[in-house]
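Architecture at a glance
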Amino acid sequence: MQRYLFSRVIQSLALILGVLVLVFFLVRLTGDPARLMAPRDASPERVEQIREQYGFDRPIMVQLTEYLSHAARGDFGTSYHYRAPASELIVTRLPATLELALAALAFAVVVAVPLGILGGSNPGTVMDTLARGVGLIGQTVPNFWLALMLIVIFAVDLGWFPSFGRDGPRSLVLPAVALGFFPLGQFVRLTRSAVLEVRSADYVRTAYSKGLSTRIIYLRHIFRNVSITLVSIIGVQFGYMLGGSIYIESIFAWPGIGRMINEAVQNRDFILVQGIAVFSAGFVVVIQLLTDVAYALIDPRIRYEE
Amino acid sequence: MEPVLDVRDLAVQFETVEGTLHAVNGVSFRLRRGETLGIVGESGSGKSVSMMSLLRLIPEPPGKIHRGRALFYDAAETVDLLSLSNRRIGFLRGNRIGYIFQDPMSSLNPLLTVGIQIRESIERHTRLSGTQAKQRAIELLELVGIPSAAQRYGNYPHQFSGGMRQRVMIAIAISCDPAILIADEPTTALDVTVQAQILALVRRLTQELGISVIWISHDLGVIASLADRVLVMYGGTVVERGDVEELFTSPRHPYTVGLLGALPKLQGGEEQLVNIRGTPPSLFSSPTQCPFEPRCPWAFARCKTERPPEFFAGTGRVYLGGTESASTTQDTAESPEQEADEPFVAHRAACFHDLDRDQERDPSEPPAPAQGADKAAEAAGIGAPPSARGSASTDPPPAHTDSRQPSRLTGDRTGAEEL
Amino acid sequence: MSSRINALDPSQTRSWLGRTLHYLLRDKAGAFGLVLFLFVVLSAVFAPYVAPHSPLQQDLHSSRMPPAWHEGGDWEHPLGTDNLGRDMLSRIIYGSRVSLTVGFFGVLISMSLGLVLGAIAGYLGGRVDAVIMAIANLFLAIPYLLLVVVVAAILGRSLINVILIFGLTNAPLFVRITRGEVFRIRKSGYVESAVSIGAGRARILGHHILPNLIGPMVTVATFEMSGMIFYEAGLGFLGLSVPPGVPSWGNMLAHGRQYITFSPWLAAFPGLAIVVTSLGMNLLGDWLRDVLDPKLRRTAS
């Protein structure tokens, strides 16, 4: 277990380092980062000034070393647009995004897991058809379109929820549903297929051969094994939600990181874009690490690995 | 001797996308108290399905117990296993009838300690308290030969070897002193040396505890060393049955002959393995003919149009009440219900061959499968066959070596094992 | 004799095409997916013949007309018009060209890249494999939408750029599949025997590895293409895909968003087009996975 944890932490650190380097080169993809960072109507002199200001005229290895050493100290440069440190901006926007992502995750899990379990335990029934249908729709409806339609129906027509802003629990409902819809579909599909698979596992047959009641078999043998599968994809879904929040936060004017990255892109504030990209990737890597630890705690095969 | 289980005309079907699969088709047998009954057959012959359906462990749907009765003569009462309520069959499972499955690697839940997995059966069926149940589980682990049982109680299945896991499975199966133990190829997935240990363990425990055993296997050596009587299954039906010694020395059904011929010979390595040509039968068609006919070297016209009932067979030693007596009813057609009257009449085979050979078969092709029988007897460690059936015949039955079946027939796993 | 037995099994007697059709027709959802997909593809190909108007033709006198079945609607413009009076139906039909082009060429690029890099990684193993897989995993570590948005913002709006972005960022998935298959087949006996009789690497690749890859590749490609159509619209919605003048579903959505309160159909219809396309391809993909992967087919039935 300790060795497993240790190697996973090392892997995660390597991955974050890799992301740092990757983003560094992505920003230099066009060959002229100064031109990229400058406003569209900037004069050549202004571009030249930016080049010197950010040190883009120096050798690339010097730039990379400096960038990495700054990043190690949590310094991702100063936002051109907000005239504030990128890391500071990210930290102030983080709570809103976390709130939205957790609400979306909760919505997805609370709806999807019971539906997937009911569908998977009763294959071929109406419940199963419903579970499969929800799983399919979750995959085929774009969240940005769903967000707009939710606004039309529930904010404009019915007036039940506000159509934008972050102002109390009611304002959280529509964005959370829109953001959680795709993960919901994934969770339903996964839960259903996991239940179907575990139901026909040999050890479940053994449990039946002992005369255990169906209730005990589901509680003790089936759900426990299904939960492993679910835990293992929560990290992936969290990554998706960070990306999806770009749309949802922009549409609902939700003051989080997703909206900020959209604004940064529109403002060509690439220092901030770079900072958010690295931060988000690092965040996902850490979440992935945590889910792996949770996984290891549930699964004795990993827990007792020598 | 009184029976503990009486299965009559059991039929199990599976609805698949390709049509209805007749996995088990009219199987009848009896299990005597204290005996070990061997069931032999290749993959897809219906041996596992018929046993699992006794405890109603086949998935329904797609499976369905189509017809039949399975009377279980328990100490207190007699019940039909196939028509019990789910609640009552749940009471019998793991309590009065234990079951050991083939693959110990996947038959235990990887997320629960072996202790819990033994205990949950005890707690389901007895009134023992938590600590008593734990004590009992540790005793069981000791009983099945697991060293330092108290420590191993809290271990997870992946910390055990295959043989050790099968010991745990045995502990679970016998945890509530069952009347019957069904062992579904419990040694197939294990190493040869471990196989022998598990075999010895089950034999010792069931004798000590007086448990009747149904032992499913495709390993004839295992059956020969363990069983009192044998059923040979093919295509969802019983094609031959009898006392183990008699059946192995003088098999009468061509399939059994082939099966015994397919055994590798331990002494004198010159001879080739004999294979039964062709593939196992499709179970989709409704059986209106002998299921073995397409592969049978002795088949003739009648085999295609009629399904052979079981006939008294062969040299005619009959077991009645445990005593041997000579049979006089050779070559007489009997209805399957006959067994109801004479429960343990020994040797029968579902084949027209002996009956009609004089009229329809070419006399120049002698059927006597002496060589195969000899080999089987040697391999199974049984004495020489009666000289009456000796290898006087000039031609052994055709020994086909089919390139698609490089391994011996009994090891062939192309059939729908799970169905 | 064995033919008698096999005659009972339909999969033995029919041709490959017959078998495929047999399975397709048995799975109504798969057949429905195919119909939806063909519908979208055909309307993209024959857009000039199918569309009632030019997608660019403006008519400021009839701007933001509602759909025909609404009050104030007209069958001249079945799905209404946008704020410049351009016909919505025609724009949606032409918009499918952008989506399908991005999807098709995006998958083509990522699949080719994946095949080449995956085969190299799988064959050479060792350090080359480690480097290729490290890069692939790196791409998979970054939240995908974020990666696409950042790269699109850096490269700027053009069809070629969008295709390249999707082609490159999706390659890691195909690299993984190819590498896994190459590893698996390299270890299996029949490639060893092919090597022992002197078959070259190219021959092994062509005869043993590619045929085994077709199933998973086609299935993944269907889902990936659906995903790219999805994400292209997303980029368009943020103003990061094809230039604003080009009729694409994403651009139309971005446009419609501004009028969401009073003319919701401007955003509703392009979104529905995405849903229909994506639904068709997902149903098709599910079905392909069942048919092309015999292992899965058995568990499904």
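Conventions adopted
- Residues numbered from 1 in each chain as written.
- Chains lettered and ligands numbered in written order.
- Predicted model: local features only at pLDDT ≥ 70, side-chain atom pairs only at ≥ 80, totals over all residues.
- Heavy atoms only, no water.
- Helix = DSSP H or I, 4+ residues; strand = E, 2+ residues; numbered from the N terminus.
- Contact = heavy atoms within 4.5 Å.
- Areas by Shrake-Rupley, 256 points an atom, 1.4 Å probe, with all protein chains shown as cover.
- Buried < 20%, exposed > 50% of the residue type's maximum accessible area, 1.4 Å probe, protein only.
- Pairing = 2+ DSSP bridges.
- Axes fitted to C-alpha atoms, helices over the stretch in contact; angles between N-to-C directions.
- Buried area = accessible area lost by both parts, 1.4 Å probe.
- Salt bridge = Lys/Arg side-chain N within 4 Å of Asp/Glu carboxyl O.
- Polar contact = N/O pair within 3.5 Å; in protein donor to acceptor, adjacent residues only side chain to side chain.
- Nonpolar A, V, L, I, M, F, W, Y, C, P; charged D, E, K, R; others polar.
- Patch = residues over 30% accessible without salt bridge, like charges linked within 9 Å, V, L, I, M, F, W, Y side chains within 5 Å.
- Expected span 1.5 Å × (residues − 1).
- Domains from an automatic or database assignment.
- Phe/Tyr/Trp six-rings, centres within 6.5 Å; stacked < 30°, edge-to-face > 60°.
- Lys NZ or Arg CZ within 6 Å of the ring centre and 35° of its normal.

Some remarks on the overall build of chain C
Looking only at helices and strands, chain C has 14 helices and 0 strands in total. Ordered by position from N to C terminus, the α and β elements of chain C give α-α-α-α-α-α-α-α-α-α-α-α-α-α. A separation of at least 24 residues holds for 70% of the contacts in chain C among residues at least 6 apart in sequence. Accessible area for chain C stands at about 14,100 Å²; split by element, carbon and sulfur atoms hold 66% of it.

Side note on the pairing of strand 2 (residues 19-32) of chain B
Residue and element names in this part refer to chain B. In terms of burial, strand 2 is a largely internal element, 11 of the 14 residues being buried. As paired strands, strand 1 (residues 3-16) and strand 2 are joined by 11 bridges and run antiparallel to one another. Pairing of V12 across the sheet is with V24, part of strand 2.

Considerations on the sheet that holds strand 1 of chain B
Residue and element names in this part refer to chain B. The 4 strands lie next to each other as 2-1-4-5, forming an open sheet whose pairing is antiparallel. The sheet terminates laterally at strand 2 and strand 5 (78-80), the two strands that pair on one side only. Taken pair by pair, the neighbouring strands of this sheet meet at an average axis angle of 5°, ignoring direction. Sitting on the sheet, helix 1 (residues 47-54) is in contact with strand 1, strand 2 and strand 4 (63-73), with an inclination near 110° to strand 1.

Some points on the interface of chain A and chain B
On the chain B side, the residues contacting the 21 residues of chain A number 26 residues. Summing both partners gives a buried area of about 2,100 Å² for chain A against chain B, and 59% of it is carried by carbon and sulfur. Taken as a group, A:R205, A:S209 and A:K210 account for 31% of the area that chain A buries against chain B, more than any other trio of residues on that side. Linking chain A to chain B there are 2 salt bridges. Connecting chain A to chain B are 12 residue pairs in polar contact (both at pLDDT 80 or more). Mapped by element, the contributors of at least two residues to the side of chain A that touches chain B are helix 9 (202-209), helix 10 (214-251) and helix 13 (300-303) of chain A. Looking at the side of chain A that touches chain B element by element, the count peaks at 6 residues for helix 9 of chain A. For the side of chain A that touches chain B, the per-class residue count stands at 7 nonpolar, 6 polar and 8 charged.

Structural notes on a nonpolar patch on the surface
Residues and elements named next belong to chain C. Together, L38, L42, V45, F46, Y49 and V50 give the surface a local cluster of nonpolar side chains, amounting to about 620 Å² of exposed area. Of all the elements, helix 4 (residues 28-45) adds the most residues to the nonpolar patch, at 3 residues. Tracing the backbone through its elements, the reader meets V45 in helix 4.

A few points about helix 1 (residues 2-27) of chain A
Residue pairs three or four apart in sequence face the same way in an α-helix, which turns once every 3.6 residues. Compared with the 38 Å implied by 1.5 Å per residue over 26 residues, the 38 Å span of helix 1 of chain A between its first and last C-alpha is a close match. Those residues of helix 1 of chain A lying buried are A:R8, A:S12, A:G18, A:V19, A:L20, A:L22, A:V23, A:F24, A:L26 and A:V27. Its buried side turned inward, helix 1 of chain A meets helix 2 (33-37), helix 4 (60-72) and helix 12 (270-298) of chain A together with helix 7 (126-141) and helix 8 (144-155) of chain C.

Let's talk about the domain arrangement of chain A
All names here are of chain A. Each domain of chain A was delimited in the assignment, giving domain 1 (2-72) and domain 2 (94-298). For domain 1 and domain 2, the distance between their C-alpha centres works out to 32 Å. With 18 residues of domain 1 at the interface, the matching set in domain 2 holds 15 residues. Three residues stand out in domain 1 for area buried against domain 2, namely R8, L36 and M37, and they jointly supply 28% of the buried area on that side. Note that D292 is salt-bridged to R8, the shortest N-O span being 2.6 Å. Across the domain 1-domain 2 interface, the total number found is 1 residue pair in polar contact (both at pLDDT 80 or more). Per element, the largest residue contribution to the side of domain 1 that touches domain 2 is 11 residues, and it comes from helix 1.

Observations regarding the packing of aromatic side chains
Following the criterion strictly, the structure yields 16 aromatic pairs over all chains and no others. Residues C:Y144 and C:Y231 carry aromatic rings whose centres are separated by 5.2 Å and whose planes lie at 55° to one another, so their mutual orientation is tilted. Here the residue C:Y144 occupies a position in helix 8, and C:Y231 occupies one in helix 11 (residues 201-237), the gap between them amounting to 87 residues. An aromatic cluster is defined as three or more aromatic residues linked by ring pairs; in this entry it consists of A:F24, A:F25 and A:Y67. When the ring centre of A:F24 is taken as origin, the NZ or CZ atom of A:R28, which lies over that ring, is 3.8 Å away. A cation over a ring is seen here: B:R152 above B:F160, with NZ or CZ 4.2 Å from the ring centre.

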